Structure formats: C-alpha cells, structure tokens
Amino acid sequence: MLEIEIDGKQLQVPDGITVMEAANTVGAYVPHFCYHKKLSIAANCRMCLVQVEKAPKPLPACATPVTNGMKVWTHSEQAVKAQKGVMEFLLINHPLDCPICDQGGECQLQDLSVGYGGVESRYQEEKRVVGNKDLGPLVSTDMTRCINCTRCVRFTTEIAGLMELGQAFRGEHAEIMPFVEKTIDSELSGNIIDLCPVGALTSKPFRFGARAWEMSRRKSVSPHDSLGSNLVVQVKNDAVKRVLPLENEALNECWLSDKDRFSYEALNSEERLARPMLKQGGRWIETDWQTAIEYVANGLKSIKAESGADTIGALASPHSTLEELYLLRKLVQGLGSGNVDFRLRQSDFSADGKMSGAPWLGMPVADIANLDRLFVVGSFFRKDHPLVAQRVRQAAKRGLKVSALNPAFDDWQLPVANRVCVPPQEMIVALAKIAKALSEQTGRELSVQVAAACAGLVVDEASLAIANSLGSGRRSAVWLGNYAVQHEHAAEIHVFAQEIARLSDASFGFLGEAANSVGGYIAGAVPFAGVPGKNVTEMLSAPLKAYVLLGLDPAFDLGNSAAAAGALKGADMVVMLSAFKSDSALEFADVMLPIAPFTETAGVFVNCEGRAQSFFPVVKSRGESRPGWKVLKVLGETSGLDGFGFEKIEDVRAEVLESDGTVNPAKLDNSVALNVESLRAVEAAVQRIADIPIYSADPIARRSPPLQQTQDGVAPSARLSAATITRLGVQAGLAVRIKSAYGEVSAVVAEDDGVADGCVRLAGAHPMTAALGSLHGEISLERM
C-alpha cells in the first residue's frame, strides 16, 4: 500500500493504480473523456490533466501511476487552467447542434463544457466536417461530433474481440472509421453507443425518439439468454423507447448484448396479440376474457372426462417467468396429468429422474475471471452466450486456456488452445477418449458409469492435449452448451463430461439456453416432478387431445417443428398463451389468449448461476393483454381446481422460492446417475448440425426489425467443409435441395472449414428451414 495525498486528503492505495483510480476512491471527480474503467489507457483526450507536486507540468490522471508520498491537486488553479485549455481545443471543431443531437441531456461534453468551457469561441476559422459512416442497422453516426477519444475503437478490439473500428489520419484530420465496405457486426456493438461521450454514435432505432429528460428509467431483467443481464428500460407515454445496461459487476458488468438492447422493438410489433380470440367455423373472432377463459376451462374438463387426464399436455417456453411455469405445472397436474415440459428443443430425455437437481453453471459467473482452464462442449459459444464469452475473453488475456469440442466452430474471437471438431455422432467417443486420457494421466480409475464404454479406446493426440490442459489446471471448469443439451444423445454427453470434470477436479456446469433454463426445473415444469407424465417428444410423437402452449411459436421453438405440426393439427383443442400472433398459432390454435411480455408483467428469472432475479412491469399492458400468471390463476379457479387463490404474485413466488426470495442451493445439482455400457457405432450418412441463430432463439428477438437487418439476421446458408463439398459433388455459391425424413428445403452452399467433415450446418428456428423438421439426423443434398 502507498500513502498519497489528493486535494489535501491523506489515503492509502494499492501499488500500481493510477491517480484517476485513487481520486475515485476519495470522491474527487477528475473530468475525462477517453478514460473508461473497463478499457485500456489511451490518455489522448488530455481532459484529466491534474497538478502533481514537483512535476514540471500537469499530468494526465488516467495514465499517471501513483507513487509513495505523491501529492495531487485535481482542482488547483494550474489543473483547472489546463483542463479549460483542453476543453477549448475540443470545442474548436465541435458543431453547436445540441438542440438536434440525440445525446443532448446526457452528453459528457455538454456537461463538462458548462464548468470548463468559455463563454464564446476565439476560433474564427471554418469548422471541419467529417462524413458519416455506415455502421449497420443498430448504430447511427454523426462523425463531425467525434472528439477522437477512441473508446469505440478500444471496445471493439478489447471487449468484443475483433477490431472493427480504427482511427485513420493524424491531427485535425483524424477520423474514426470502419474498414472499407464493412459494417460493425459484433453481437455487442450497441455498447459503443453507451461509451461514446458525445453524440457521434447513437442508437439508430431510437434516433429522434425522445429526449433523455422526457423518459422514466425503470429496472428490469433480460428475458433472453441465461445470464439474466440487468436492464434500465426507458419509457415515455407507456411505450418502451430504449433499453440500457444497469451495471452489475456480478453478471453483465456495464455491458449489454445487442439482443438484450434492441429486442424491445418487437414490443410494438403489428403481430402483438391485443384481445382474446376464438376460432369459430375456421374464422378467428375477438371475444372477452370471461368467454375465452370459460371456453378453455370447459374444453379441458370435457376432454378429461371423455379421454382421460393423460390426454392433456402443456408446453412452455423457457423464457417464461418462474411464476408462469409453476402455475402451468399446477394447472396441468390439478387436472390429473403430468404432461408438462419446458425443454422445447431437447431431444434426449433418458436422464429424466436420474438427475440430482436442476442443471446450472456450477459456479458464480463472477468467478470466471479466476479460472485457468476451461473445456466447453457443444456450444456456439459467442452467439449463444455473448456476455459470458466476453468474460472468458478477458480471462484468456490473463492466462485462461480454453479447450472446446464441437461439430462446427465460428470465430469465438478469443484464443482456443485445443479445438476438436467432430461430427455429432462422434462427440461421445471424443469425450470418452478425453476421460480415458485423464484417468491414465492422474492415476485415478474411471467410474463405473463409463469404465465399460472406455475399455479398448485408443487415445489420440487431440484428446491427450485437452486432458493435459485440464489436468494441469488449478481452477478448471467443464461446461455443456446449448448444442450438447439438444444433442440426440445428450444424457451420454452429460455422463462423460461429468466424469471429465471429476477426474480433473473441475467444476461442472451447464451454460443454459434461456432466461429460465434453471427456473423451469425449480418450478417443476418437467414430467418427472410430482405427477409422472410425458416429455415434449412423447407429447408430440403420440399426439394428445389437448395442448396448452405458453409463450412459444410451434414452428420455431420446438426441436421438431414437423412433428409439432402433425400433433397440433390432430388435437381437439390447442390453447395458445402468447404476446404475439403467429402463422402457426393462426393455423393450429383454437384459442389465443394475449399475455404480457416481460416489460408489462412481474416475475422472476433464475439465471445460469441459480440467482433468482425479480422484476416488475415498466409499462401498462397493451390492449387487453394480461400477465401470464394471472391468466393461469383465473384458468385454474374457473376449472374448479384447488390452490389457485393467490392474491398477488409474491404469493405464487413464495411457494417456489425460499423465504428470502432465493433458490434453495440444494436444488442445484448437475450430477446424473446413468451408466454408459457401450459406445454407439458411427453412422456414415450426412448429418445435420443445426445452430439456433442469436436473433431467432425466442419470439421477441425474432420480431425486432433492427436485429433482423443485421448480418446475424440474414437467411441461413448450407455450410459445408471443402472436403464435404467435393465429396457430395455440389458447388459453393449455388443452391442445393436438402431433404430430411420430414420434408425438403433449398439453400445456397457456403464453404466453411469450421464444420466437421460429413456434416451440413444449417440453422434451425428459421422459416426457410422449418420444413426439415428435426434439428438433428440424416439429410441428403442434391443439385438443383
């Protein structure tokens, strides 16, 4: 610790910090533009000049390290004179367009110019003008306002992982610009809007939408991926105008992914369902809530009486709130059925009833920074979990060694020390080899669960490299991603990953697909909690008489859309609770009940680390839509079921969570008791690898126009390795016909050597590929 003095205050600070950081600890504000606590030091704006004893001239606080006995004055005459001089230079070329600037009212330059700017400019020459740049559909530019602080450049390089912006030219001619003919395509690009201290970079969807002082700021939680990013939702006239990050160092830090930031545009979609609707004689008619609820309650009771309770089933989106999932389960089980599931894209359920608890990350998100070894299995990591990947990226700079096993790889924009790319059906064999290598390396015996399956395997170099990496770590983790959970043999992957974690003394966890991937288990919205029932695959392969669908679109949110279409067509009653109309709902449903999205309801999301985060409505419900938990409560009461007399949402929550509103830690457990006796024979057929595009994963993101205009929103292509293209006799850039057991589609071939040989990577959850049905299995390609 070093002793220093700032503005007459004595303090002790750690060795190695800067004057800026030391000043922050005593509440001494130093004006600045280029400095940001999460970015590297640039010291190019010079606004933070301060007086330091014995220094011949003012020094930049952001770049000056503290020394023992140092005396600093942040607002002395010398410091203020230097700061005012810098401000005058910054304002020389800055346009006087505050009245029309979107940054007005929340602009650092505007605020600091009040204290450090002159009454009038001494500069009489013509101001410079800089042409605007096309950065894509999310970020709008007014580059004449740019003060060249380079925050945006450093963010894209250091945090997002890829340099998409740079500074060209020198002096007065310096400009921030993207590379020629390029837009910013990072899934974190919206953060440069927050970082920009002036109005050079602003939100394109929000542009001219409202003034900062006209909007109310309300806290919320992201309904998308499993991190549960904290949000500030800005509202004007009961409409969401903008979403910003609420700083939370334990989760999203001060960042947001673009999906979290811009998906709100869907909330005003023309597809919003505003009133209850019934299908009569093949036509949809609007009705009142009482009629709709009674119609559903009577229909379910009639089907139960005629065909039995086990012909009624419910499917829920993992993006639903904890309370909605719990009440849906309570409704179905109250009717006497156990057929309820929220794991919509999962295809292997052989671990059901054999898991010790709810699958979770196995560690706090904040502890990622302390890892030195990480093994990620079956994940399109960067797109599935943008902000978790960002944390891993920062940890990799500090020495974290990342290994990965996947059937297809993108650029994760972080160093991957060991990468194994194999077809889906070979992933289990690859994991078994790694487990065997670890066993031989550590001298520990393989567990009974996998010993028989590993017998006779020959360890290859790739498996040995991953085993060596994990075995040499002190703080290691093994994570299963979305693809691993959705795999046709997910339970076996689970067993082998668990064994690898045991042998390497690593924590073991699941990244989680959605906002309530953990919460669904806590709420008991699975067929092995309470009354035994059918899982999602069984409910769709052996059609039921009645389905209650909560918050999902059958065409895109299920692992097999073709099976879903067949089951829903044959049902006597399909009840859709959704915030949106969809083509599949209009085709298959008999009743559509409008429920509120996350901005119009209260609830809880349990994130991947098991943290229960509650949120409240930020705007009034649109039309006659109602919170989903209230609709399910009234439906239960109207059906004559016990246990639905809740007065407020906290009463529902109290039945699921602990008295302090947290998840019981005993309910979080990744261990599975399942034996793998032998390994499956590898099939030679061409296999489909279906990733879920980042902006197609849930109904809200799919309906956000600006997100769909990005590079991640374009129609998917059929991506094959060069060797597979040659073997199949197709040609990159030309369309092919792709057939599965359920249907066929056409797509353009793209060469991608990140895809395993003998496989075709073709995205799911998209209108263009929905006809193929299953996300997995054998497909064929032929020229058109």
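These numbers come from a predicted model, not from an experiment.

Parameters at a glance
Residues numbered from 1 in each chain as written. Predicted model: local features only at pLDDT ≥ 70, side-chain atom pairs only at ≥ 80, totals over all residues. Heavy atoms only, no water. Domains from an automatic or database assignment. Pairing = 2+ DSSP bridges. Helix = DSSP H or I, 4+ residues; strand = E, 2+ residues; numbered from the N terminus. Axes fitted to C-alpha atoms, helices over the stretch in contact; angles between N-to-C directions. Parallel < 35°, antiparallel > 145°, perpendicular 65-115°, else oblique. Left-handed = near helix turned anticlockwise from the far one by under 90°. Contact = heavy atoms within 4.5 Å. Core = buried A, V, L, I, M, F, W, Y, C linked by side-chain atoms within 4.5 Å. Buried < 20%, exposed > 50% of the residue type's maximum accessible area, 1.4 Å probe, protein only. UniProt positions renumbered as here; feature names shortened; annotations may be inferred. Disulfide = S-S within 2.5 Å. Phe/Tyr/Trp six-rings, centres within 6.5 Å; stacked < 30°, edge-to-face > 60°. Salt bridge = Lys/Arg side-chain N within 4 Å of Asp/Glu carboxyl O.

Participant: What is the right way to look at the domain arrangement of the chain in this model?
Facilitator: As assigned here, the chain comprises domain 1 (1-92), domain 2 (287-349 + 528-661), domain 3 (365-510) and domain 4 (687-783). Taking only C-alpha atoms, the centre of domain 1 and the centre of domain 2 are 57 Å apart.

Participant: It is not clear to me how the sheet that holds strand β15 (residues 312-316) should be interpreted in this structure. Could you clarify?
Facilitator: Whether parallel or antiparallel, the strands of a sheet pair through hydrogen bonds between backbone atoms. The 7 strands are arranged β14-β13-β24-β23-β22-β15-β16 in an open sheet whose pairing can be described as mixed. Edge positions in the open sheet fall to β14 (283-286) and β16 (340-341), since each of these has one partner strand only. In the sheet, strand β22 (residues 546-550) pairs with strand β23 (residues 573-578) via 5 bridges, with the strands oriented parallel. Pairing of A546 across the sheet is with M573, part of β23.

Participant: Would you explain the packing of helix α11 (residues 427-442) against helix α13 (residues 461-471) in this entry?
Facilitator: Two quantities define a packed helix pair, namely the angle between the helix axes and the distance between the axes. At their nearest, the axes of α11 and α13 sit 8 Å apart, and the two run at 50° to each other. In terms of their interaxial angle, α11 and α13 are classed as oblique. The interaxial crossing formed by α11 with α13 has right-handed handedness. Side by side, α11 and α13 meet where A430, K433, I434, A437, L438 and Q441 of the first sit next to S463, L464, I466, A467, N468, L470 and G471 of the second.

Participant: Can you walk me through the nonpolar core in this structure?
Facilitator: One recurring pattern in soluble globular proteins is that nonpolar side chains are buried together. Of all hydrophobic cores here, the largest spans 104 residues; its most connected members are F375, F496, I500, L577 and L593. In terms of residue count, the dominant contributor to this core is α11 (10 residues). In contact with F375, other than residues within four places in its own chain, are S403, A404, L405, L431, I434, I466, L470, A477, V478, W479 and I500. In terms of nonpolar packing, the next biggest core, distinct from the first, is built from 70 residues, C107, C149, L251 and F262 among them.

Participant: Any chance you could explain the UniProt feature "domain: 4Fe-4S His(Cys)3-ligated-type" (unreviewed entry) in the chain here in plain terms?
Facilitator: The sites that UniProt annotates as "domain: 4Fe-4S His(Cys)3-ligated-type" (unreviewed entry) are residues 78-117. Helix makes up 60% of residues 78-117 and strand 0%, with an end-to-end C-alpha separation of 16 Å.

Participant: Any chance you could explain the environment of A770 here in plain terms?
Facilitator: Within the secondary structure, A770 sits in the loop between β31 (759-761) and β32 (780-783). Between the C-alpha atom of A770 and that of V656, which follows or precedes it by 114 residues, the distance is 36 Å. Those residues in contact with A770 that lie beyond four places of it in its chain are A555, F556 and S561.

Participant: What exactly am I supposed to notice about the sheet that holds strand β18 (residues 401-406) here?
Facilitator: Taken in spatial order, the 5 strands make up an open sheet running β19-β18-β17-β20-β21, and their pairing is parallel. Unpaired on one side and paired on the other, β19 (418-421) and β21 (507-510) mark the two borders of the sheet. Across the sheet, the axes of successive neighbouring strands diverge by a mean angle of 10°, strand direction being ignored. Bridging between β18 and β19 involves 4 bridges; their strand directions are parallel. Bridge pairing links S403 to N418 in β19. Where α11 meets the sheet, its contacts fall on β17 (373-377) and β18, and the angle it forms with β17 comes to roughly 155°.

Participant: Please clarify how the state of the cysteines should be interpreted in this entry.
Facilitator: A covalent bond between the sulfur atoms of two cysteines is what we call a disulfide. Across all of its chains, the model carries 0 disulfides by this definition. A disulfide-free cysteine, C149 has its sulfur positioned 6.1 Å from the sulfur of C196, the nearest such atom. Accessibility expressed as a relative area gives 7% for C149, which makes it buried. With no disulfide partner, C608 has as its closest neighbouring cysteine sulfur the one in C254, 18 Å distant. The class for C608 is buried, based on a relative accessible area of 1%.

Participant: Even after reading the chapter, I still don't get the packing of aromatic side chains, so can you show me in this structure?
Facilitator: The geometry of an aromatic ring pair comes down to the distance between the two centres and the angle between the two planes. Under the defined criterion, the tally for this structure stands at 8 aromatic pairs. Note on F381 and W412: the rings are 5.2 Å apart at their centroids and 55° apart in plane angle, and the pair reads as tilted. Linking F381 in helix α9 (residues 381-384) with W412 in the loop between β18 and β19, this pair joins segments that are 31 residues apart in sequence. Residue classification places F381 among the buried residues on the basis of a relative accessible area of 0%. Exposure remark for W412: the relative accessible area of 3% places this residue in the buried category. An aromatic cluster of three or more residues is present, and its members are F381, F409, W412 and W479.

Participant: It is not clear to me how the pairing of strand β2 (residues 9-13) should be interpreted in this structure. Could you clarify?
Facilitator: As defined by bridge partners, strand β1 (residues 2-6) adjoins β2 across 5 bridges and the pair is classed as antiparallel. Note on β2: the bridge partner recorded for E5 is Q10.

Participant: Could you clarify how one ought to interpret the pattern of salt bridges in this entry?
Facilitator: Under the definition given, this model contains 41 salt bridges. The salt bridge involving R122 is made with E88; its shortest N-O contact spans 2.7 Å. Of this pair, R122 sits in the loop between α3 (108-116) and β6 (139-141) while E88 sits in helix α2 (residues 77-92), and the two are 34 residues apart along the sequence. The partner of E271 in a salt bridge is R703, and the shortest N-O contact between them spans 2.9 Å. One end of the pair, E271, is in the loop between α6 (258-262) and β13 (277-280); the other, R703, is in the loop between α22 (699-702) and α23 (705-708), and 432 residues separate them in sequence. Judged by its relative accessible area of 13%, R703 is buried. Residues participating in the shared-partner salt-bridge network are D410, D691, R719, D752 and R761.

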